[in-house]
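# Geometric and topological summary
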Amino acid sequence: MTDEIKLEGLGVAPGVLETIITIAAEKVEGVACVCGQGLSGLVRKAGQQAGHRSVEVVVDESGAVGVALHVHLRYGTPLRRVAEAVQFAVAGAVSGQIGSEVAKVDVFVDAVTFGEQ
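Since the structure is predicted, the reported quantities are computational estimates derived from the model, not experimental observations.

### Digging into the nonpolar core
- In this structure, Ile21, Val67, Leu69, Val86 and Val90 are the most contacted members of the largest nonpolar core, which totals 27 residues.
- The set of elements that each furnish at least two residues to this core consists of helix H1 (14-26), strand S3 (31-34), strand S5 (55-59), strand S6 (65-74), helix H2 (79-98) and strand S7 (102-113).
- Broken down by element, this core gets its largest block of residues, seven residues, from H2.
- Leave out the neighbours within four places in its chain, and Leu69 touches Ile21, Ala25, Val34, Ser54, Val55, Val86, Val90, Val105, Asp106, Val107 and Phe108.

### Things to note about the state of the cysteines
- According to the stated counting rule, one finds one disulfide in the structure shown.
- Here Cys33 engages in a disulfide with Cys35; their sulfurs sit 1.7 Å apart. Judged by the torsion about the S-S bond (-115°), the Cys33/Cys35 disulfide is left-handed.
- A relative accessible area of 11% means that Cys33 is categorised as buried.

### Digging into the side chain of Thr113
- If you trace the backbone, Thr113 turns up in strand S7.
- Once you skip the residues sitting within four places of it in the chain, Thr113 turns out to touch Ala32, His72, Leu73, Arg74 and Tyr75.

### A look at a nonpolar patch on the surface
- Taken together, Tyr75, Leu79, Val109, Val112 and Phe114 make up a surface patch of nonpolar side chains, about 510 Å² in accessible area.
- You can see Val112 is positioned in strand S7.

Calculation rules
Think of each chain on its own: its residues are numbered from 1, step by step along the sequence as written. The predicted nature of this model means local features are confined to residues of pLDDT at least 70 and side-chain atom pairs, given and counted, to a pLDDT of 80 or more, with totals for whole chains, interfaces and linings taken over all residues. Based on all heavy atoms of the structure, the side-chain values leave hydrogens and waters out of the count. We define a nonpolar core as any set of buried Ala, Val, Leu, Ile, Met, Phe, Trp, Tyr and Cys residues linked to one another through side-chain atoms lying within 4.5 Å. Burial here depends on accessible area, computed with a 1.4 Å probe over protein chains only, as a share of the maximum for the residue type. Under 20% is buried, over 50% is exposed, and the range in between is partly exposed. Each helix is a run of H or I in the DSSP string that is no shorter than four residues. Each strand is a run of E no shorter than two, and both are numbered from the N terminus. Whether two residues are in contact is decided by their heavy atoms: any pair within 4.5 Å suffices. Disulfides are defined as pairs of cysteine sulfur atoms found within 2.5 Å of each other. Residues enter patches when their relative accessible area tops 30% and they take part in no salt bridge; the joining distance is 9 Å for like charges and 5 Å for the nonpolar side chains Val, Leu, Ile, Met, Phe, Trp and Tyr. With residues, only the protein chains shown are counted as cover, and all accessible areas are computed by Shrake-Rupley using a 1.4 Å probe. The salt bridge definition used is simple: a Lys or Arg side-chain nitrogen within 4 Å of an Asp or Glu carboxyl oxygen.

Read these as geometric descriptors, not functional statements.
See below:
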C-alpha cells in the first residue's frame, strides 16, 4: 500500500502503525489475537469510508490520532479490564514510537476464545 500518512511532519507507512498497534495489544494478558477481515487500507483520512479491518487508524485535520481495533479475548478474563489495558498499551506504544498523542482507542471485542489460539 502506498498511502503514507503525515504525523507532525513524519511520514509513516500504514504497515508500521499496524505492527506497533498489534504488538502492543497482543502483549496484554487476556488478548488471544488482534483479528479482523483484511488488513489492506489500514490508515485512512477522516471522512473516508472504511470496511471491517482488524486495525484502523484515523488522523483528522488537526493531526489527532484515533485508533480502532478488533480483538479476540481469552475466556475467563474480565472483558472491561482487558479492553482498558489494551487502550492504555496501544496509546502508549503509538505515542512512544511515533511521538503523536492519541485522542482515542476504541476496542471491539469480536469473540471470546477457548484454549490457545
